[in-house]
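# Residue-level structural notes
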Amino acid sequence: MCGHSSGMIGFPLRLLAREVYDRVCAIKGEQNVALITGEERIEPQNARYFCCTVEAMPVHGHAGERDYAFVALDEAQLAADPERGHIFTDRMLRARGREETMLLGSATLQPMVKALVPRAELIERPRFSTLRHAGSCKLSRLPPRSAVVAFGAEQVYAMAEMLRRFRGGAAVVMGALSPETRNKQVELFQNGEVDYIVATDAIGMGLNLDLHHVAFGALTKFDGRRKRRLTPAEMAQIAGRAGRHQRDGTFGTVSGMRENQASPPEFTEEEVYAIEEHRFQPLTHLFWREAEPRFGSIGELIGDLESPPDRPELKPAPEAIDLAVLKRLADEPFAAEIGGAGLVRRFWEVCSLPDFRSVGVEPHARFVARLWQDLRQGYLGADFVAARIAELDRMQGDIDTLQGRIAAIRSWAYICQRPDWVLARDEMAARARAVEAKLSDALHARLTERFVNRRTAILMRSLGQDGSALPVNLESDGRVTVEGEVIGRLEGFRFAVDPQAGHADRKMLLSAGEKALPGILAQRAAWLMSEGLDALELSDGAIAWDGHVLANVDMPDDFGTPRLTLAREIAMLPDASRKQLEQGLLAWLEAKLEPLEPLRKLALAARDPGAGSEARALLHTLIAGHGAVSREKAGLQHLPKELRPYLRKLGVVFGALDIFAHALLKPAPRQLLHALGIDLRPLQDAMLPVIPEQRRLPAGYRPAGTQAIRVDLAEKIMRAAFEARAKAGGERNVRFALDTALGISIGLEEGNLVRLLGSAGFRCQKARALEEGAHGPPAPDRWSWRPRRAGDERDHKGRPERGKRKGGRKAGHRSSGQKDRSGQSGPQKTGGAFDALADLLG
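Residue indices follow the written sequence of each chain, beginning from 1 at its first position. Totals for whole chains, interfaces and linings use all residues, but because this is a predicted model, local features are given only for residues with pLDDT of at least 70 and pairs of side-chain atoms are given and counted only at 80 or more. Computation of side-chain values: all heavy atoms of the structure, hydrogens and water removed.

### Description of the nonpolar core
Judged by nonpolar contacts, the single largest core of 71 residues is most densely connected at Leu326, Leu329, Phe347 and Ile415. Secondary structure elements follow DSSP: runs of H or I of four or more residues count as helices, runs of E of two or more count as strands, with numbering from the N terminus. Here this core gets 11 residues from one element, more than from any other, and that element is helix α13 (residues 399-417). Any two residues whose heavy atoms approach within 4.5 Å at even a single point are treated as in contact. Apart from residues no more than four positions distant in its own chain, Phe347 is found in contact with Ile298, Leu326, Leu329, Phe334, Ile338 and Trp372. Grouping buried Ala, Val, Leu, Ile, Met, Phe, Trp, Tyr and Cys residues that are joined through side-chain atoms within 4.5 Å yields what is termed a nonpolar core. To sort residues, take the accessible area from a 1.4 Å probe on protein chains only and compare it with the maximum for the residue type: under 20% means buried, over 50% means exposed, and anything in between is partly exposed. Counting residues in hydrophobic clusters, the runner-up holds 60 residues, among them Met8, Cys52, Met112 and Trp288.

### Some details on the pattern of salt bridges
By definition here, a salt bridge exists when the distance from a side-chain nitrogen of Lys or Arg to a carboxyl oxygen of Asp or Glu is within 4 Å. Counted under the stated rule, the structure contains 42 salt bridges. A salt bridge links Asp90 to Arg91; the nearest nitrogen and oxygen atoms lie 2.5 Å apart. Across the pair, Arg91 and Asp90 agree in class, each one buried. A salt bridge links Arg710 to Asp712, with the shortest nitrogen-to-oxygen separation between them at 2.8 Å. Neither Arg710 nor Asp712 differs from the other in exposure class; each is buried. Salt bridges sharing partners connect three or more residues here, namely Arg14, Glu39, Arg410 and Glu436.

### Comments concerning the confidence of the model for the protein
Of all residues in the protein, 86% have pLDDT values of 70 or greater, and the mean over the chain is 82. For the protein, helix α26 (residues 833-841) is the element with the lowest average pLDDT, namely 49, and strand β5 (residues 70-73) is the one with the highest, namely 96. Across the chain, each position has a pLDDT score giving the predictor's confidence in that residue, from 0 to 100. In the predicted structure, residues 464-469 sits below a pLDDT of 50 and forms three contacts with residues beyond four places in sequence or in another chain. Per-residue pLDDT stays below 50 along residues 793-798; that stretch engages in 20 contacts with residues further than four places along the chain or on separate chains.

### Notes on the pairing of strand β10 (residues 196-199)
Burial of β10 is two-sided: the residues Tyr196 and Val198 facing one way and the residues Ile197 and Ala199 facing the other way are all buried. In the sheet, strand β8 (residues 146-149) pairs with β10 via four bridges, with the strands oriented parallel. Bridging from a neighbouring strand, Ser146 pairs with Tyr196 of β10. Bridge count for strand β9 (residues 171-173) against β10 is three bridges, and the pairing is parallel. By the bridge assignment, Val173 is partnered in β10 with Ala199. Tracing the backbone out of β9, into helix α5 (residues 179-190) and back to the parallel element β10 gives a crossover that is right-handed. At least two DSSP bridges between two strands are needed for those strands to be called paired. Assignment of crossover handedness uses the view with strands pointing away from the viewer, where a clockwise path from the first strand over the helix to the second indicates a right-handed crossover.

### Some thoughts on the packing of aromatic side chains
Classification of ring pairs rests on two measures: the distance between centres of Phe, Tyr or Trp rings, Trp counted by its six-membered ring, which must be within 6.5 Å, and the angle between planes, read as stacked under 30 degrees, edge-to-face over 60 and tilted in between. For the coordinates displayed, the defined rule picks out 12 aromatic pairs. On the numbers, 6.3 Å between centres and 85° between planes, the contact of Phe736 with Phe762 is edge-to-face. Residue Phe736 is located in the loop between α23 (711-727) and α24 (741-745), and its partner Phe762 is located in strand β31 (residues 762-765); the two are separated by 26 residues in the primary sequence. Accessibility assignment for this pair places Phe736 and Phe762 in one class, buried.

And the structure:
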């Protein structure tokens, strides 16, 4: 065509027309090339080359039409198609170029061309590649770069879903898709993002693909009237997509599909021979319908359209949908008002609106009737058309919903192309095309989302025999990716499959991760040891990283070198990396355990035979109490006095109420004992001096009324009380003043301070209040001390518990067998603060 001064080609699909339009524009320039389809019209004023759909071809001889130096008709054998054949037949008979006319089509058309156009020169172009039958194959074992042909949306969706599970996905091509969506789906396949394409028989025309194999999911189709077997020529048209130019291709069927039929589809020997040798039964007739009917009335129009042809090679075309709609609306009341050639012609043009929605005669006729009611008065208003287009400008919905909107917007795009139907035609047509483009993008996204699992497709191509060669990367946030697709994430050192992966994908992803991860885990371990130690933490007796356990910690009885039990996930590390990680964790842990050095010294002393059994027993009790134990539970009565200096050198403090290791009352060792799971009592992080009373006190505290006080601070308060008593003479019943500022300053309430001192035997006698009218400072409270007898049990508030005095005697009375301080018989050896006083005074 480009070798002539002007030209026109008619294509069976607007997709093909657009493709060739772009190619001709690159050669001749956009100002010289026109594109005319039912839904789109690009016609520069001086255009000389026209790319059209067959229905939109301007035919020479029509009123106002120009002639062209060159005219071509592509896929001319479609003149035998029941639905559109009469249009192709008309163009074959009447579309002529001034200098050259070409009819492009299958060799089966040859007898018809000889009969209808005797002067035509017949030129054959043989296929350079061979096409071979490959038999049946399961869908899961299809070779890469294959197309699966199905008939019906349900079968297309089912096969695409199966390929998604087995092979990572497939592109989808159906006749109901818009050309834009179809192009984008084909691009998925051509670019190699997927290795499979599932299509209806629409693949057989207008799509040039890089295909190696075509597999038929069925060999029968519903042609609008009945379900029939494909003809060998139709099979060859589809199978011929495999192999291009000099590259051979194969075709076959899909087995293992669950259908109503008893056995999978199979080609007969005759069909295989015909396809492989390109030998098909010639066409014996073409369909024809009067192309220039008369418009005197609706009845006359219908009569001309149903008139028979006058040549034996031509057959009357089956009733197409435009004629069916015309006959259906001819019975409506408004049809009686349609008269005159102009109005009847206009009515026929409205009835010729294509059924883009494929809803059938009755629903389509109702739509045409509404359109006619709006058009009979003149033009459609721009506001009205804009509102209809806006109603379809919605991207929400599933695949079927979006396909329906695309079909509807194609109807409006067709309407907007008519020069005498819509005001502001160019603007409305542009709006319709823009909405169709947006809907096509949305539909492409839905199809890709549903039928393409890019992650699985990449793994299927990359997995191979050597899993370590997978291009697996570890992102900074822990995601594990293959060529940008997430297959899972590392939680610590454990690989977890992406939770969005389907059940069928999980096994493959886990396998891919396990094969490729050792190298990545080794890098992760090296990074952790060099830069990530600050992120480690000790919790619940284990070393954790970002909440994931790396190793459990087992502390020996002597609090020496801890033992680590590595988590199972770390076993995937190479041996060298695992040993390095274990040594690094152990070094980190030993530095972390430095605050427990005082406890370690106590444990070593408790194992020293030279310390004496009494001292070791006390040390064991102190260790069991994690650094603090009350005097009542310490067994001091068995400890010789001469061993106390030895224990004091180890940091042991003998208090009035408690025995404790002061170094272990600091926050760091308390936090470590709790983190190691050794001390299961509640933790007081900051080891505050005073805290509210709790049902279960943290380690290192003792109760004081409605509060609890740290044992070392309680000891300070006791020492201050004993020193105040000593300054007053130290006699048994001496009364003395006590400054309570120390206890109040650290946060003890006055009443709780009194109860704390009461637990050590101190009693407070409140001073009398000043008499009314008296002046001056009030008298200070007076304190006295009375030691607690053995067996004199007291509650947590320092008060003697009723009914628990030994022998029925009052506390403080001597009984027989007891000695006083002068060595005579007196009270039994007292515990608690009485012994503490002897320590302080000694």
